[in-house]
Structures are given as structure tokens and as C-alpha cells.
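Notes for the structure review
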Amino acid sequence: MMVFTKTENLLKILLPYRAQNKIGFIPTMGALHTGHLSLVKKALEKNDCVVVSIFVNPTQFDNSSDLKKYPRTLEKDVTLLETLQGTVYIFTPDTKTLYGETVNSKKYRLGAIASEMEGRHRKGHFDGVATVISLFFKVILPNNAYFGQKDFQQLQIIKKLVEIEKLPIKIIGCPIVREKNGLAMSSRNKRLGQQQLENATIISKILKEVRSQFKKKSIQELNKLVENRFKQSSLQLEYFEIANEKTLKTVSRKRKENKYRAFIAAFSKEVRLIDNMALN
Ligand code: AMP
């Protein structure tokens, strides 16, 4: 497995692939799991080579302790990617290589989708995400880039970003990979103890319950139901929202013609977990 820390070396190796227009890209923050691998496998089906970036991006964190404690497991990540068949390159630059001297996020006009949910609760988060992804896109110039629906709002933000920056990159959304017990896979799960991991399954259980009750109950009833479920659990709910899948705006009334998704952010002690599920 070839691991690049310098841009020039990565660009040299990518040169022969440019003509084929088949370079796939998966940006990650490392601590890889089967969810990440599903994106890489999907990319390998359609591209001649796939670049996986591993970079814990400081500008998207609004909490310095969260950034410090984010799991970093590069050796294991390399080993995991080595289990795949196909041409995969790892790009793991340091902050200076990617950002230069000033580590700031740019201000983007990402529109209303950026001020909902994660945007409301994590100030500056999406500017940080858009900045780092734009930096990676401009170095790697991939043809296709793959993002998980686990971060559904982020996926919409990236689609908006390529529109704003007029980048000829196809953005492909991939389904959420879950543990057998329903818990959405996440690098942050590595920070949970056994009991916390078990308790965290409440998130996907509640989402499933909302999905099954979606036709029968009003939005207000569903909001109440979720609030009560969390009150009886050991997790702290940050937000629960049923939103229009396109606009990501919270809804108070359902309309047949629209697609809806439920979103949860909750804390298990100081570890923040997010998940979402399509409702109709
Ligand atoms: P991260 O390393 O958390 O920044 O995630 C890198 C990419 O992997 C993002 O596009 C995520 O949405 C995606 N991802 C993370 N967890 C999952 C999962 N459980 N299923 C599918 N995609 C995921």
C-alpha cells in the first residue's frame, strides 16, 4: 500500500490515470471501519485508482477536546485498506502541506442547508468541511468522489460546493453501514466503552420506531415520542428533527409528495453521535 504525505509524489503517481478520467476519491478522518471500506469498494468498481485521504481536519471542529481525542490509527487504517483488491493510494498530508501557513476556513455561501441541524449546533463546521474538501479536490482532481449518507447533510453540502466552485467532479452518496445491532458505524464509536456501545443502539432503534410510526403519527407526536425515549435512556439528545430530504428544513406537517428523513444527534457522555434514516 502506497502512503503519500507529500502532494508532489501523489500527483506523479496519479498522472497516468488522468487521461482515463477514472480517479476516485474518498476523504476520511481515519480510524477506518467497514463503513469507510464500503465507500472504497464502491469507488474501486468504477475507477482505475482510488485515493483515500486520512486527515483530521482542525477547521471543522468547534470543540478542541473533541479534536484532540479524535481517534488516530494510521497503521491499522493501512492494514485495513490492504485487505481490498484494487489500486488504492493513501494520502495523509500534515496540516501545513494541505493548508499552508494559515489554517483557516474560507467562508462559503452554502445556502439554507448549511444553517440547519449540524450547521446550527456546530458553528463554522460546514465552512471547515467545505474548505478542506475543496483543498483536496483541487490537488487530487478526482473524477468521482464518494461520501456516506451517515453524514447526510454533509453530502448535500459537498454537492453544493462543487456547484459553487464549478468543479467537474461527480459526487456519489453511499448508504449507511451499521453494526448487526443497528448502531451506525463511526470512528467515534472507538471512544465508547462496552456499556456505552450497547446503550448507543437506542439511536437507531428510535429512528426505526419513528420510521414505522411515520404514517400513523403527526410530527408533533413523533417529536414527543423521541423526547420521551431519550429521557428514559442514558444518552443526551442534542436534536431530533424530521426534515425535508431536499431542503433539510424541519417540517411540522407532512405532504405526500415530499421525501422525509429523521436526524438525531446525541451524546454518550462527551462523545457526540449522529445518525439518520429515510422515513418514506
Ligand atoms: P469520516 O472519516 O467520519 O470523516 O467519514 C469519511 C466518510 O465516510 C464520510 O463520507 C462519511 O459519511 C463516511 N462514513 C462514515 N461512517 C459511515 C457509515 N457507517 N456508513 C457509510 N459511510 C460512512
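Residues numbered from 1 in each chain as written. Predicted model: local features only at pLDDT ≥ 70, side-chain atom pairs only at ≥ 80, totals over all residues. Heavy atoms only, no water.

Considering the overall build of the protein
Convention followed: To qualify as a helix, a DSSP run of H or I must reach at least 4 residues; to qualify as a strand, a run of E must reach at least 2; elements of each kind are numbered from the N terminus. Throughout, the radius of gyration refers to the C-alpha atoms, and the reference size of a globule is 2.2 Å times the residue count to the power 0.38. Only protein chains enter the calculation, and the probe is 1.4 Å; a residue is then buried if its accessible area is under 20% of its type maximum, exposed if over 50%, and partly exposed in between. Residue contacts are counted whenever heavy atoms from the two residues lie within 4.5 Å of one another.
Helix and strand counts for the protein come out as eleven helices and nine strands. Its C-alpha radius of gyration of 19 Å places the protein within 12% of the 19 Å reference for a compact globule of 280 residues. For the C-alpha atoms alone, the extent of the protein along its principal axes is close to 55 × 40 × 35 Å. Taken over 280 residues, the protein has a buried fraction of 53%. Partitioning the contacts of the protein with sequence separation of at least 6, the portion at a separation of at least 24 is 73%.

A closer look at the layout of surface pockets
Applicable threshold: Only protein atoms enter the 1 Å grid used here, on which a cavity is any set of points holding a 1.4 Å probe that cannot leave and a pocket is any open set flanked by protein within 12 Å on both sides along at least five of seven lines; residues with an atom within 4 Å of a point are listed as lining. Grid points are joined across faces, edges and corners, and a volume is the space filled by probe spheres set on the points. Side-chain classes follow a simple rule in which Ala, Val, Leu, Ile, Met, Phe, Trp, Tyr, Cys and Pro form the nonpolar group, Asp, Glu, Lys and Arg form the charged group, and the remainder, Gly included, forms the polar group.
In this structure, the largest pocket encloses a volume near 200 Å³. Here the lining of the largest pocket is built from residues that sort into three nonpolar, two polar and five charged. Here the second largest pocket is characterised by a volume of approximately 170 Å³. Lining the second largest pocket are Asp62, Asn63, Ser65, Asp66, His121, Arg122, Arg191, Glu238, Phe267, Glu270 and Arg272. By residue class, the composition of the lining of the second largest pocket is one nonpolar, three polar and seven charged.

Here's the deal with the domain arrangement of the protein
In plain terms, the rule: For each domain, the first and last residues come from an automatic or database assignment. By buried area we mean how much accessible surface two parts lose on assembly, using a 1.4 Å probe and totalling the loss over both. We define a salt bridge as a contact between a side-chain nitrogen of Lys or Arg and a carboxyl oxygen of Asp or Glu at a distance within 4 Å.
Per the domain assignment, the segments of the protein are domain 1 (2–174) and domain 2 (187–278). Spacing between the C-alpha centres of domain 1 and domain 2 amounts to 26 Å. With 24 residues of domain 1 in contact, the opposing surface of domain 2 contributes 21 residues. Across the domain 1/domain 2 interface, buried area totals approximately 2,000 Å², and carbon plus sulfur atoms make up 50% of it. Of all residues in domain 1, Met117, His121 and Phe152 bury the most surface against domain 2, accounting for 30% of the area lost on that side. For the interface between domain 1 and domain 2, the tally reads five salt bridges. Notably, a salt bridge pairs aspartate 66 with arginine 188, separated by 2.8 Å at the nearest N-O pair.

Observations concerning the sheet that holds strand β9 (residues 271–278)
Put simply, the test is: DSSP-based pairing: two strands are paired if at least 2 bridges between them are found. Every axis corresponds to a line fitted to the C-alpha atoms, with the helix fit spanning only the stretch in contact, and the corresponding angles, defined between N-to-C directions, vary from 0 to 180 degrees.
Taken together, the three strands give an open sheet; going across it, the order is β7-β8-β9, and neighbouring strands pair in antiparallel fashion. The outermost strands of the open sheet, each flanked by one partner alone, are β7 (236–244) and β9. Within this sheet the neighbouring strands show an average axis-to-axis angle of 15°, counted without direction. Here eight bridges tie strand β8 (residues 260–268) to β9, and the two strands are oriented antiparallel to one another. Residue pairing in the sheet places phenylalanine 263 in a bridge with asparagine 276 of β9. Relative to β9, helix α10 (residues 202–213) is tilted by about 25°, and along the sheet it contacts β7, β8 and β9.

Here we look at the site of the ligand
The criterion, for reference: Proximity is defined per residue: any heavy atom of the residue falling within 4 Å of a molecule or strand makes that residue near it. Definition of a polar contact: a pair of N or O atoms within 3.5 Å, with one able to donate and the other able to accept a hydrogen when the atoms are protein atoms, and with sequence-neighbouring residues admitted only if both atoms are side-chain atoms. Per-residue accessibility takes into account occlusion by the displayed protein chains alone, with areas from the Shrake-Rupley method and a 1.4 Å probe. Cavities and pockets are treated as containing a molecule whenever more than half of the molecule's atoms lie within 2 Å of their grid points.
Near the ligand there are 17 residues, and of these Met29, Gly148, Asp151, Val177 and Met185 occur at the shortest range. Residue methionine 29 places a main-chain N or O atom 2.9 Å away from an oxygen atom belonging to the ligand. Contacts to the ligand include methionine 185, whose backbone N or O atom sits 2.9 Å from a nitrogen atom. Out of a free accessible area of 480 Å², the ligand has 93% covered by protein chains. Here the ligand occupies the largest cavity. Mapped onto the shell around the ligand, the elements with two or more residues apiece are β2 (23–28), α2 (34–46) and β5 (144–148).

Focus on empty space enclosed by the protein
Scanning the model with the defined rule gives two cavities of 30 Å³ or more in all. Looking at the largest cavity, its volume works out to about 850 Å³. Lining the largest cavity we find 47 residues, and of these His36, Tyr70, Lys150, Asp151 and Gln154 sit closest to its centre. Elements that contribute at least two residues to the lining of the largest cavity include exactly β2, α2, α7 (125–140), β5, α8 (152–164), β8 and β9. Top element by residues in the lining of the largest cavity is α7. It accounts for six residues. Split into classes, the residues belonging to the lining of the largest cavity amount to 24 nonpolar, 15 polar and eight charged. Looking at which domains feed residues into the lining of the largest cavity, each of domain 1 (2–174) and domain 2 (187–278) gives three or more. Size it by volume and the second largest cavity reaches roughly 70 Å³.

Considering the packing of aromatic side chains
The criterion, for reference: What counts as a ring pair is set by centres within 6.5 Å for rings of Phe, Tyr and Trp (its six-membered ring), and what kind of pair is set by the plane angle: stacked under 30 degrees, edge-to-face over 60, tilted for all other angles.
Scanning the entire structure with this criterion turns up ten aromatic pairs. Note on phenylalanine 214 and tyrosine 260: the rings are 5.8 Å apart at their centroids and 50° apart in plane angle, and the pair reads as tilted. Placement of phenylalanine 214 in the loop between α10 and α11 (219–231) and of tyrosine 260 in strand β8 is noted, with a sequence separation of 46 residues between them. Accessibility expressed as a relative area gives 1% for tyrosine 260, which makes it buried.

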